[in-house]
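Next come the chains, spelled out residue by residue.
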Amino acid sequence: YPLILIPVMYVTAIACRVVAEQADRRHIKDLFGRYVSPQVAGEIMNLANSDELKLGGTSREVTVLFADMRGFTAMSEKMTPESIVALLNKYLSVMIERVIANDGMINKFAGDNIMAVWNAPQDQPDHAFRAVKAAIECQQEIENLAREDNSAQVQFGIGINTGQAVAGNMGSEGRSEYTVIGDAVNLSSRLCSKAPGGQTWIGPQTYELVKETIEIEELEPQYFKGKAEPIKAYRAIKITKNHIIE
């Protein structure tokens, strides 16, 4: 019956096209998510679909984590490039796993340095706790891995800070990235640079948000580049009370 067959073929063709487009979208999102955090991949895809993928950002409170491998330069001088890459991938994989397990956004890699963000692009009322919990778990996993590898010299210093930052698409019309910028982000990086290997240092606002759930050691006030006055710093030691908000 040709008259019945024509609309059936039309509907079937439309359905096949929709299924194919959805499969392509999932493939692009999965592939994209390997190079940026899944949260960022989803946010960019949503903005692109709504034609809102423009430069600019909004101010919001975020918690930012920086982690840096200690002694990496001296270590890399004694290793082949292939060994260096394998070492970085091995230990950064631990960091990435714990950050994602605590719903953080992997924002940047810079050699042996990693940056992660909480409370952007999605809202997370317990973002400070999640970040500190991820850092403590990272330090424990790295210590265990280094012990198994007989490579105890592999340690990370971690800095975490909470505060207002601008979150959004930064760069140019031709090339941009979703990231956060601001003084709170800079202080997190400064804390990371001062934290000894195997330790996690947090800023004063992060401390206020996690002091009831994390065992903390108060440190001497620290002088940081760009700051006229010393800033209170704290060392996060262990989790004393779970505070994950589902």
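Residues numbered from 1 in each chain as written. Predicted model: local features only at pLDDT ≥ 70, side-chain atom pairs only at ≥ 80, totals over all residues. Heavy atoms only, no water.

## Section: the overall build of the protein
At step 1: Along the protein, the regular secondary structure elements total 7 helices and 8 strands.
At step 2: For the protein, with 246 residues in total, the buried portion stands at 42%.
At step 3: Contacts spanning at least 24 positions in sequence make up 69% of the contacts within the protein whose residues lie at least 6 apart.
At step 4: A total of about 14000 Å² of accessible surface is found on the protein, and carbon and sulfur atoms cover 54% of it. (Helix = DSSP H or I, 4+ residues; strand = E, 2+ residues; numbered from the N terminus. Buried < 20%, exposed > 50% of the residue type's maximum accessible area, 1.4 Å probe, protein only. Contact = heavy atoms within 4.5 Å. Areas by Shrake-Rupley, 256 points an atom, 1.4 Å probe, with all protein chains shown as cover.)

## Topic: the nonpolar core
Nonpolar side chains tend toward joint burial in soluble globular proteins.
At step 1: With 37 residues, the main nonpolar core has Met69, Tyr91, Met95 and Phe156 as its most contacted residues.
At step 2: Within the residue set of this core, elements represented by two or more residues are strand S1 (56-69), helix H3 (72-76), helix H4 (81-101), strand S3 (113-118), helix H5 (127-148), strand S4 (156-171) and strand S8 (234-239).
At step 3: Core analysis: the next-biggest nonpolar cluster, separate from the first, contains 13 residues, Phe66, Met115, Tyr178 and Val185 among them. (Core = buried A, V, L, I, M, F, W, Y, C linked by side-chain atoms within 4.5 Å.)

## Structural notes on H4
Think of an α-helix as turning once every 3.6 residues; residues three or four places apart then point the same way.
At step 1: Spanning 21 residues, H4 covers 30 Å between terminal C-alpha atoms, matching the ideal 30 Å at 1.5 Å per step.
At step 2: Of the surrounding secondary structure, the elements contacted by the buried residues of H4 are S1, H3, strand S2 (105-110), S3, H5 and S4.
At step 3: One or two residues past the end of H4 sits Asp103, with phi positive at roughly 60°. (Expected span 1.5 Å × (residues − 1).)

## A few points about the confidence of the model for the protein
At step 1: Overall, the prediction assigns the protein a mean pLDDT of 82, with 76% of residues at 70 or greater.
At step 2: The secondary-structure element of the protein with the lowest mean pLDDT is helix H1 (residues 2-33), recorded at 61, while strand S6 (residues 200-202) shows the highest, at 97. (pLDDT = per-residue confidence, 0-100.)

## A closer look at the packing of aromatic side chains
At step 1: On inspection of all chains with the given rule, the structure shows 1 aromatic pair.
At step 2: In this structure, Lys194 packs its charged tip against the face of Phe224, placed 5.3 Å from the ring centre. (Phe/Tyr/Trp six-rings, centres within 6.5 Å; stacked < 30°, edge-to-face > 60°. Lys NZ or Arg CZ within 6 Å of the ring centre and 35° of its normal.)

## Topic: the side chain of Gln139
At step 1: Along the polypeptide, Gln139 turns up in helix H5.
At step 2: If we skip the residues at most four places from it in the chain, Gln139 touches Phe156, Ile158, Gly198, Gln199 and Thr200.

## As for the packing of H4 against H5
Pairs of packed helices are described in terms of their axes, by the angle between the two and the distance that separates them.
At step 1: Packing of H4 against H5 leaves a shortest axis separation of 9 Å and a crossing angle of 150°. Comparing their axes, H5 and H4 come out roughly antiparallel. The hand of the H4/H5 crossing is right-handed. Of H5, the residues touching H4 (which contributes Lys90, Tyr91, Val94, Met95, Arg98 and Val99) are Ala134, Glu137, Cys138, Glu141, Ile142, Leu145 and Ala146. (Axes fitted to C-alpha atoms, helices over the stretch in contact; angles between N-to-C directions. Parallel < 35°, antiparallel > 145°, perpendicular 65-115°, else oblique. Left-handed = near helix turned anticlockwise from the far one by under 90°.)

## Concerning helix H6 (residues 183-194)
At step 1: Here H6 spans 17 Å end to end across 12 residues, near enough to the 16 Å set by a 1.5 Å rise per residue.
At step 2: Within the span of H6, buried status applies to Ala184, Val185, Leu187, Ser188, Leu191 and Cys192. One face of H6 carries all of its buried residues, which in axial projection span an arc of 160°. (Arc of directions from axis to C-beta.)

## So, the pattern of salt bridges
At step 1: Counted by the stated rule, this structure contains 12 salt bridges.
At step 2: Across the salt bridge formed by Asp68 and Arg70, the nearest N and O atoms sit 2.9 Å from each other.
At step 3: Taking relative accessible area as the criterion, Arg70 reaches 19% and is therefore assigned buried.
At step 4: A salt bridge links Glu217 to Arg235, with the nearest nitrogen and oxygen atoms 3.6 Å apart. Taken together, the residues span a long stretch of sequence, with Glu217 in strand S7 (residues 214-218) and Arg235 in strand S8 at a distance of 18 residues.
At step 5: The class of Glu217 is partly exposed, set by a relative accessible area of 35%.
At step 6: What you see here is one network of salt bridges that share partners, running through Glu97, Arg98, Lys133 and Glu137. (Salt bridge = Lys/Arg side-chain N within 4 Å of Asp/Glu carboxyl O.)

## Considerations on the pairing of S2
At step 1: Sheet analysis places S2 next to S3, joined by 5 bridges and oriented antiparallel. Each bridged residue has a counterpart across the sheet, and for Met105 the counterpart in S3 is Val117.
At step 2: Connecting the antiparallel pair S2 and S3 is a turn made up of 2 residues, with Gly111 showing a positive phi of about 70°. (Pairing = 2+ DSSP bridges.)

## As for the pairing of S3
At step 1: The buried fraction of S3 is high, at 6 of 6 residues.
At step 2: Residue alternation in S3 divides its side chains into two sets, Asn113, Met115 and Val117 and Ile114, Ala116 and Trp118, and both sets are buried.
At step 3: Bridge count between S1 and S3: 6 bridges; the pairing is antiparallel. If you follow Ala67 over to S3, its bridge partner there is Ile114.

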